[in-house]
Amino acid sequence: MSTAQLIAVDLLVTLLAAATWLGAGVAAGLRRARVALALLVAAVAVTLARVGTAAALAVDGWWFAQEKVTFTLPLLGAAALVAVTVAGPRLLRPGSAGPSPAAVVALLTAGYAAAAGLVYPLLIGYPATWRDALATLTVVGAAGVVTWRVVAGRPPVWTVAAVAAVGLAGLGTGLAPIVPGSPAAEAADLDTGGGPATGHPAGHGTAVTDLRGPTTPGPGGQVRRFTLTARQTTITLSSGRSVRAWAYNGQVPGPPITATKGDLIEVTLRNADIERGVTLHWHGYDVPPAEDGAPGLTQDAVRPGGEYVYRFRADQVGTYWYHTHQVSDRGVRMGLYGTLVVTAAPASGLDLTVPVHTFSGRLVLGTHDQPDTRRVAPGTPVRLRLVNTDSTPHRFTLAGTAYRLVAVDGTDLNAPDELTEVGLRLAAGGRYDLAFTMPDAPVALLVDDDSGGGLRLVPGSSEPPQPADTGRWPELDLTAYGAPAATPFGPDSDFDRSFTLVLDRGIAMVEGAPRYAHTVNGRGFPSVPDQLVRTGELIRTTVVNRSLATHPWHLHGHRVLILSRNGKPVTGSPLWMDTFDVRPGEVWQVAFRADNPGLWMNHCHNLSHAAQGMVLHLAYDGVTTPFHGGHGG
Ligand SMILES: [Cu+2]
């Protein structure tokens, strides 16, 4: 069973435990001793099953079982033991008046403890803390005392006193972080990942605004100038349907930016009327930090009437994209994005960039919301550059030809095999380049197996036939595709720092307000500690997804080398990615060399998750920012 399935089964078993314990208590209260006894037996069995699911989760990774093993299961175990001891004999031999009130109270309290096991991971999640445990214990205890009062009259003073004491202890633990001088209040706002602490006094160092790109092209390169003006508009899709959009230069996607390796790209961004402001972030492109377009960190957002000039060398060949990073959840969804393609030499054959986006519920390739059909002569070399500009993954299938997946996130794969009849799952923000020679029969690219849309390449003048049903094609395992090759570091390297990011849901502060957040190590932006690194260090990051949602993880300014997924090392081509999908229950280990000094966003590229807290910063020691606030996601 996968970890994701175990997480779901554990939640189901926990729900059943709460239902059976509460049911037994209610049946006892209604003097249905036999029903209560049957439910008690079921409750004990389900409680034991919970021990099994929690143990299995702990085997998959301590992160998945921590609060169950340390708190919610012991709580349920203790309450269940009391309930069996008190209620068991009374249900086996009920008097003429039925089960005693004590039995009812004990069974219902076990039910509250079981319910806490369900509510705790959904509302609080990782990591388990004393404060949360004491607060939960107080709620369960108080519910038990109230039940006692209702069912059996005045509860003994010691029970009330015990609950009050636990509650006060919880309150004390909760206040500790805001009591000046307490150890919790002094807790570092930096995660050093086991490496040395900062060597710079606060406020001293290099301003991120000084870390700008070069102003001249490389040898033989030229300057490529673009001006992008963001404004509200209406765009027309290929079907004739109009949708409201925010667009660069009135077009969605924005103007394609292309360059040859060594060119200098210079883009002037202007904002006509996007009230919340805009920026340009070069997704996957390792630009100098002041060119990265992270509002509140590397620049202020460009307000209506404002301007910002971005300059960077086109040193990285491959398929990338750009988008606003200001209120990016809304801005990118509304259309503030475009493609960035850098080639080593002028392209030959058909080189087609295919950005995929969802507008008002309709999947659009470029501007096509109906099949995009193109005539291609047989024998033509074809390269399709797929870009997922949405916040959720898409599945691509290519029917009618064998092909190779030649590049992932802009980096070429080593010795990619020929593929037929497979599904390619592309993370939000990710890119795949597919290459093949045009056959003398039609080729169809489908997105999410939808034969009513996609791209059709047709030789000659024939009409494209209806493409095959691709829904059953298996998904390609990227970690086993292509052939191994040398990498500058690997799983066995000595890492200078190792970070762990546990992704979950729970109540947390996000930008100063309590939210039902998407959390990193139990916190929401900007309360997630910055990760501190020094230039030249080798960094390993473990990303754990404890939640029920997929999180496409994206670090700015660096490509990461995938070391392993769920403990299994990569056996195919080395995988350098800037956005990798961490699905529920998955654990990814990735590594990178800290070779781009700056301050960098490190976040979930499901942009609504980012807006709900799933963001932190990677900070190079000694780099400072003059900007405060702004919206990170
Ligand atoms: Cu996410």
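Residues numbered from 1 in each chain as written. Predicted model: local features only at pLDDT ≥ 70, side-chain atom pairs only at ≥ 80, totals over all residues. Heavy atoms only, no water.

Positive charge collects at one region of the surface, where R244, R276, R303 and R330 lie side by side. Along the chain, the position of R303 falls in the loop between strand 7 (281–283) and strand 8 (307–313). (Patch = residues over 30% accessible without salt bridge, like charges linked within 9 Å, V, L, I, M, F, W, Y side chains within 5 Å. Areas by Shrake-Rupley, 256 points an atom, 1.4 Å probe, with all protein chains shown as cover. Salt bridge = Lys/Arg side-chain N within 4 Å of Asp/Glu carboxyl O. Lys, Arg positive; Asp, Glu negative; His and termini not counted. Charge placed at Lys NZ, Arg CZ, Asp CG, Glu CD. Helix = DSSP H or I, 4+ residues; strand = E, 2+ residues; numbered from the N terminus.)

Moving on, we come to the sheet that holds strand 33 (residues 615–620). The six strands lie next to each other as 1-24-33-32-26-30, forming an open sheet whose pairing is mixed. In this open sheet, the two edge strands, each paired with only one partner strand, are strand 1 (190–191) and strand 30 (579–582). Sheet analysis places strand 32 (residues 599–604) next to strand 33, joined by five bridges and oriented antiparallel. Counted as the bridge partner of L599 is A619 from strand 33. (Pairing = 2+ DSSP bridges.)

Another point: unusual backbone geometry. Phi is mostly negative for residues that are not glycine, and the peptide bonds are mostly trans. Geometrically, the link from Y126 to P127 is a cis peptide bond, its omega value of -10 degrees lying close to zero. Within the fold, P127 resides in the loop between helix 4 (101–123) and helix 5 (130–152). The step from F525 to P526 runs through a cis peptide bond, and the omega angle for that step is 0 degrees. Following the sequence through the fold, P526 ends up in the loop between strand 23 (513–520) and strand 24 (530–533). The backbone of E421 sits at a positive phi, close to 50 degrees, despite the residue not being glycine.

Now for the side chain of D621. Tracing the chain through its elements places D621 in the loop between strand 33 and strand 34 (623–624). In this structure D621 touches A197, T198, G199, H200, L532, V533 and R534, once residues within four positions along its chain are discounted. (Contact = heavy atoms within 4.5 Å.)

Another point: empty space enclosed by the protein. Using the criterion set out here, one finds two cavities of 30 Å³ or more in the structure. Looking at the largest cavity, the residues that line it are Q531, T541, W553, H554, L555, V560, M577, D578, F580, V590, F592 and N602. For the lining of the largest cavity, the secondary-structure elements that each account for two or more residues are strand 26 (551–555) and strand 31 (587–593). Examining the composition of the lining of the largest cavity, we find that three residues originate from one element, strand 26, more than from any other. Split by residue class, the lining of the largest cavity holds seven nonpolar, four polar and one charged. Estimates place the volume of the second largest cavity at around 30 Å³. What lines the second largest cavity is H281, W282, G284, Y285, D286, D292, H554, L555, H556, G557, H558 and D578. (1 Å grid on protein atoms, 1.4 Å probe; cavity = no way out; pocket = protein on both sides within 12 Å on 5 of 7 lines; lining within 4 Å. Points joined across faces, edges and corners; volume = space filled by probe spheres on them. Nonpolar A, V, L, I, M, F, W, Y, C, P; charged D, E, K, R; others polar.)

To continue, consider the coordination of the copper ion. The reference angle at a metal is 109.5 degrees if four donors form a tetrahedron and 90 or 180 degrees if six donors form an octahedron. Every protein donor of the copper ion is listed here as H551 (ND1), C604 (SG) and H609 (ND1), and their distances to the metal cover 1.9 to 2.1 Å. Between consecutive donors of the copper ion, the numbers of intervening residues give the motif H-x52-C-x4-H. One end of the pair, H551, is in strand 26; the other, C604, is in strand 32, with 53 residues separating them in the sequence. By relative accessible area, which is 0% here, H551 ends up buried. (Donors = N, O, S within 2.8 Å, 3.2 Å for Na, K, Ca; no water. Buried < 20%, exposed > 50% of the residue type's maximum accessible area, 1.4 Å probe, protein only.)

Summed over the entire model, instances satisfying the criterion amount to twelve aromatic pairs. With 5.4 Å between their ring centres and 55 degrees between their planes, Y285 and F312 make a pair best called tilted. One end of the pair, Y285, is in the loop between strand 7 and strand 8; the other, F312, is in strand 8, with 27 residues separating them in the sequence. Taken together, the aromatic side chains of Y248, W282, Y285, Y308, Y310, F312, Y320 and Y322 make up a single cluster linked through ring pairs. (Phe/Tyr/Trp six-rings, centres within 6.5 Å; stacked < 30°, edge-to-face > 60°.)

Now for the pattern of salt bridges. Scanning the entire structure with this criterion turns up 26 salt bridges. In the salt-bridge network here, residues are joined through shared partners; they are D10, E67, K68, D504 and R546.

Looking now at the domain arrangement of the protein. Many descriptions give the size of an interface as the accessible area lost when the pieces come together. Along its sequence, the protein is organised into domain 1 (3–178), domain 2 (190–210 + 486–624), domain 3 (218–346) and domain 4 (347–474). A straight line from the C-alpha centre of domain 3 to that of domain 4 covers 24 Å. The partner domain 4 presents 24 residues to the 26 residues of domain 3 that form the contact. The largest per-residue losses of area from domain 3 upon contact with domain 4 belong to S238, T319 and W321, which jointly make up 27% of the total buried on that side. For the pair domain 3 and domain 4, the number of links is zero salt bridges. In this assembly, domain 3 and domain 4 are joined by eleven residue pairs in polar contact (both at pLDDT 80 or more). When residues of the side of domain 3 that touches domain 4 are traced back to their parent elements, those giving at least two are strand 4 (242–248), strand 9 (318–323), helix 7 (328–334) and strand 10 (337–343). Class assignment for the residues of the side of domain 3 that touches domain 4 results in 15 nonpolar, nine polar and two charged. (Domains from an automatic or database assignment. Buried area = accessible area lost by both parts, 1.4 Å probe. Polar contact = N/O pair within 3.5 Å; in protein donor to acceptor, adjacent residues only side chain to side chain.)

The next thing to look at is the sheet that holds strand 17 (residues 411–412). Read from one edge to the other, the open sheet built from six strands follows the order 12-11-14-19-16-17, with strand pairing classed as mixed. Of all the strands in the sheet, the pair left with one neighbour each is strand 12 (362–365) and strand 17. With seven bridges connecting them, strand 11 (residues 350–359) and strand 14 (residues 381–388) associate as parallel partners. Residue pairing for strand 14: V356 is matched across the bridge by N388.

With that out of the way, let us pick up the packing of helix 2 (residues 33–60) against helix 3 (residues 62–92). Axes are the key here: two packed helices are described by the angle between their axes and the distance separating the axes. Direction vectors running N to C along helix 2 and helix 3 enclose 160 degrees, while the axes themselves pass 10 Å from each other. Between helix 2 and helix 3, the interaxial angle falls into the category roughly antiparallel. As helix 2 packs across helix 3, the resulting crossing turns out to be left-handed. Residue-level contacts link A33, A36, L37, L40, V44, T47, R50, V51, A54, L57, A58 and D60 of helix 2 to W62, F64, A65, K68, T72, L73, L76, V84, G88, L91 and L92 of helix 3. (Axes fitted to C-alpha atoms, helices over the stretch in contact; angles between N-to-C directions. Parallel < 35°, antiparallel > 145°, perpendicular 65-115°, else oblique. Left-handed = near helix turned anticlockwise from the far one by under 90°.)

In this section: helix 2. The periodicity of an α-helix, 3.6 residues per turn, causes residues three or four positions apart to be oriented the same way. Helix length check: helix 2, at 28 residues, gives a terminal C-alpha distance of 41 Å against a target of 40 Å (1.5 Å per residue), a fit within 8%. Buried residues of helix 2: A33, A36, L40, A43, V46, T47, R50, T53, A54 and L57, and no others. Close packing links the buried residues of helix 2 with helix 1 (3–29), helix 3 and helix 4. Directly beyond the C-terminal end of helix 2, a positive phi value near 160 degrees is found at G61. (Expected span 1.5 Å × (residues − 1).)

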